[in-house]
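One letter stands for each residue in the lines below.
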Amino acid sequence: MTPYLRSGLPKPVPDSDGLDAPFWEGLRSERLLLQRCNGCNGWQWGAEFVCHRCHSFDLRYEETKPDGIIYSHQRVWHPVHPALAEQGPYIIVLVELPHADNVRVVGNLIGDPMQSLVIGARLHGVFEHHPEDDPAHTLLQWAVTD
Amino acid sequence: MSPERTLRGRTAVVGVAETEYYKWGKSPDPEFKLAIEAVLKACADAGIDPRDIDGFSSYSNDRSEASRLSAALGCKQLSFASMQWGGGGGGGSGALANGAAAIATGQAECVVVFRALAQGQFGRFGQGPRIRTVSGHPAHTVPYGLMSAAQMFAMKVTRFMHDYDVHQEALRAISLASYAHAQHNPRAVMYDRPLDEAKYDSSRWITEPFHLFDCCQENDGAAAMILVSAERAKDFPHKPCYVMAAVSGSQHRAGAPVHNTPEYASSGFTTVAPRLYAMAGMKPSDVDVLQSYENFTGGVLMSIVEHGFCAPEECNEFFTIENLLAPSGKLPLNTSGGNLAECYMHGLGLNIEAVRQIWGESTCQIPGANVAMVGSGPMVTPVSSCIFGSEATL
Ligand SMILES: [Zn+2]
C-alpha cells in the first residue's frame, strides 16, 4: 500500500533501552506484539520495565489481534512539519484494543481524510511497510471494518 | 488537614512584573536577559533590594538557571532553588507552591517565582521535531503525524465533548472572553485586535476541534512574582495578597505512555482540585475571578468542570460569553486576556493577573475581588492550581 502520510517524518527506531524492540520487530512481520505480565496476565502499553498492576518485572511480548475501536480521533489541518506541507488534512485515531485489556495505540485512519469519525467504530489494523526507508520499519495503520 | 501541614495564609505575594510581551521571535533581548529584567522589575514593584532574594522557583525546565541568576544579581546568598517537574504550564502554580513551602518551612526568606521564554532564541513549541529518527514513547506517535501540543491534546477534548455532548460554541465562548478582556489591557499582544463570533467561526482549523483562536500564542518575554512570609508581607507598598492554597499533581497513572491514561478525557485536576479547596477552606462559589490556563480552550473547559464550577452535562449552558466576562459574569475568566490574547508566558501571567485582581489593579477589575484562583497547564502532568486571597479571607 502507499504510505498514508508523505515521507520525511522522523522514522521510528527501537529505544536504546530495548524496551519496545519486540514491538517494532513484530510489526515488520505483520504481528502486533504488546507487553503482557507473567505475574498477573494483564496487558500493558506503552512499554514499561515493570507491571503497573502487580510490580512484576517478568513481562513478555504476546501477539494480539489488530482489531480495535475508535476511542478518540482528530482530523489535523495545520502542518507542523515540512514533510506534511502538501499533505492536506489527515486523520489520527486513538485505538482501543478489546483483545488486550483495552490498552490503546495511536495510528492513522486510512481512506478519505474527510470521512466521518465515530467514537466506538470498529477498526482493523493495516500494516504499512517502509522497506526503502533507512532504517526500514513498519507502521500499524487502521481502516474502518464494515 | 492539621494546621501545621498547610500553606494557607502562610505567605503572600508582594511584587509582580513582566517584561514587555513580544510576539514569537520579536524580543530584542535573549532569554536570560529577559529573566533578569523581570526579576528586577518585580523587586522594584515590591520595593525590595534584589540582593535580598534568597530563593528561585520555576518550572518547565526553565533555562534561566537559579545559581546564575543569583550570581548575576549579586544576591547575598542562595537558600532555595527549585524546579517543578513537567512540561507546558503545568508547573505555574506548582512553582508558587514550592516557593511558598520553602518560606513556610523556614528554608528561605524571599523567593522569586519566575518564567522566561524566548521561543525566537530557542525554537518554537508549535512545531514538530526536525530529526531523522525518533525513539521511546514519541516513536509511537510522531511517525503518525502526532507531534505538536495541539495534536497531543485534541483527542482528550474530542472524547470529553463526545461524552458530554459539548458544542463548539462552548470552546468559542472561552476564546471570545480572553480576547474581549485583552482589549482593555495595553500589555496584551492582542490589544486592539478584537475577536467576534464570525471571525472565530471562519478561522482555519489547526486540528479538530481546535480553530486557530482556540490555541495559545507563541511569545517571548519573562514574568516574576516576589513571595515572602505572611508576617513580613504587611510591611510592603502593596497590600498583601495571600497564598491561600497551592497544590500540584495529577490523577492515577496520568502519565501512562502513548495516550493510555485511564481517565483520558480529563484536564488532570480531578484529584488536585479537591486538595486545593481543602487547603484553602473554600468552595467554588467563594471564587470571585478565575484565571485558567489556555494552551487550548478545551483544556480550560475541562479544568473548570474539574474545579467544580459547572457539571460536565451543563457545559453548553455555562460556557457563554455573558457568564465569562468581567465584571458582571457568573465566573469572570482570564481577565488579562490570558495565554490566548495577553501573552503565552507559560501561564505565569495568569498568576500575576490573579494577584492584580486581589490588589484591585486589573485592567478588567472585579469590584471587591477577595478570592482569585489560577489553574495551571491542563492536560499535562503534573498540573497545579492555587488560590490567592485578600486579608479578608484569612
Ligand atoms: Zn502484573
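Cut-offs used in this document
- Residues numbered from 1 in each chain as written.
- Chains lettered and ligands numbered in written order.
- Predicted model: local features only at pLDDT ≥ 70, side-chain atom pairs only at ≥ 80, totals over all residues.
- Heavy atoms only, no water.
- Domains from an automatic or database assignment.
- Contact = heavy atoms within 4.5 Å.
- Buried area = accessible area lost by both parts, 1.4 Å probe.
- Salt bridge = Lys/Arg side-chain N within 4 Å of Asp/Glu carboxyl O.
- Polar contact = N/O pair within 3.5 Å; in protein donor to acceptor, adjacent residues only side chain to side chain.
- Donors = N, O, S within 2.8 Å, 3.2 Å for Na, K, Ca; no water.
- Tetrahedral: all angles 85-135°; square planar, octahedral: opposite > 155°, others 65-115°.
- Helix = DSSP H or I, 4+ residues; strand = E, 2+ residues; numbered from the N terminus.
- UniProt positions renumbered as here; feature names shortened; annotations may be inferred.
- Core = buried A, V, L, I, M, F, W, Y, C linked by side-chain atoms within 4.5 Å.
- Buried < 20%, exposed > 50% of the residue type's maximum accessible area, 1.4 Å probe, protein only.
- Pairing = 2+ DSSP bridges.
- Axes fitted to C-alpha atoms, helices over the stretch in contact; angles between N-to-C directions.
- Parallel < 35°, antiparallel > 145°, perpendicular 65-115°, else oblique.
- Nonpolar A, V, L, I, M, F, W, Y, C, P; charged D, E, K, R; others polar.

(A) The arrangement of the domain arrangement of chain A in detail. Residue and element names in this part refer to chain A. Taken domain by domain, chain A comprises domain 1 (14–64) and domain 2 (65–146). Taken over C-alpha atoms, the centre of domain 1 sits 21 Å from the centre of domain 2. Across the boundary between the two partners, domain 1 contributes 13 residues, which contact 16 residues of domain 2. For the pair domain 1 and domain 2, the summed buried surface comes to about 1300 Å²; carbon and sulfur atoms form 65% of the total. Of all residues in domain 1, Leu-27, Arg-28 and Thr-64 give up the largest surface area on contact with domain 2, accounting jointly for 40% of the area buried on that side. Run the count over domain 1 and domain 2 and you get one salt bridge. Applying the counting criterion to the domain 1 and domain 2 interface returns two residue pairs in polar contact (both at pLDDT 80 or more).

(B) Inspection of the coordination of the zinc ion at higher detail. Residue and element names in this part refer to chain A. Within the protein, the zinc ion binds to Cys-37 (SG), Cys-40 (SG), Cys-51 (SG) and Cys-54 (SG); these donor distances fall in the range 2.3 Å. Note that the zinc ion binds four donor atoms; their angles at the metal cover 98 to 118 degrees, and the shape is tetrahedral. All donors of the zinc ion come from a single chain, and their spacing in sequence reads C-x2-C-x10-C-x2-C. With Cys-37 in strand S2 (residues 32–37) and Cys-54 in the loop between strand S3 (43–44) and strand S4 (59–64), the pair connects residues that are 17 residues apart, well separated along the chain.

(C) View of the UniProt feature "domain: ChsH2 C-terminal OB-fold" (unreviewed entry) in chain A. Taken from the UniProt record, the annotation "domain: ChsH2 C-terminal OB-fold" (unreviewed entry) applies to residues 64–127 of chain A. Secondary structure over residues 64–127 of chain A splits into 0% helix and 48% strand, and the C-alpha atoms at its two ends are 14 Å apart.

(D) Layout of the nonpolar core. If you look at the biggest cluster of nonpolar residues, it comprises 136 residues, and the most contacted ones within it are Ile-53, Leu-96, Ile-226, Leu-301, Phe-319 and Phe-388 of chain B. In this view, Phe-319 of chain B contacts Glu-169, Ala-170, Ala-173, Ile-174, Leu-301, Ile-304, Cys-310 and Leu-324 of chain B; residues no more than four positions away in its chain are not counted. In terms of nonpolar packing, the next biggest core, distinct from the first, is built from 47 residues, Leu-109, Ile-119 and Leu-139 of chain A together with Met-147 of chain B among them.

(E) Representation of the pairing of strand S9 (residues 137–144) of chain A within the structure. Residue and element names in this part refer to chain A. The buried fraction of S9 amounts to seven of the eight residues, a majority that puts the element mostly inside the structure. The pairing of strand S8 (residues 122–130) with S9 spans eight bridges and is classified as antiparallel. Bridged to Val-126 within S9 is Gln-141. As consecutive antiparallel partners, S8 and S9 are separated by six residues.

(F) Seen up close, the sheet that holds S3 of chain A. Residues and elements named next belong to chain A. What the three strands build is an open sheet, ordered S3-S2-S4; its pairing is antiparallel. Looking at the sheet topology across the chains shown, the edges are occupied by S3 and S4. One ladder, built from six bridges, connects S2 with S4; its direction is antiparallel. Its bridge partner lying in S4, Leu-33 is registered against Glu-63. Each of S2 and S4 is contacted by helix H1 (residues 21–28), which is oriented at about 150 degrees to S2, the strand it contacts most.

(G) Focus on the side chain of Arg-75 of chain A. Within the secondary structure layout, Arg-75 of chain A lies in strand S5 (residues 67–76). In this structure Arg-75 of chain A comes out as buried when scored by relative accessible area, which is 10%. Of note is the side chain of Arg-75 of chain A, whose polar atom sits 3.0 Å from the backbone oxygen of Gln-115 of chain A. Side chain to side chain, Arg-75 of chain A and Glu-208 of chain B meet in a polar contact 2.8 Å long. Not counting the four nearest positions on each side in its chain, Arg-75 of chain A is found in contact with Pro-89, Tyr-90, Ile-91, Pro-113, Met-114, Gln-115 and Leu-117 of chain A together with Thr-207 and Glu-208 of chain B.

(H) Focus on the packing of helix H6 (residues 168–182) of chain B against helix H10 (residues 297–306) of chain B. All names here are of chain B. Direction vectors running N to C along H6 and H10 enclose 100 degrees, while the axes themselves pass 9 Å from each other. In this view, H6 runs roughly perpendicular relative to H10, as classed from their interaxial angle. Between H6 and H10, the contacting residues are Ala-170, Leu-171, Ile-174 and Ser-175 on the first element and Thr-297, Gly-298, Val-300 and Leu-301 on the second. Considering only residue class, the contact of H6 with H10 consists of five nonpolar, three polar and no charged.

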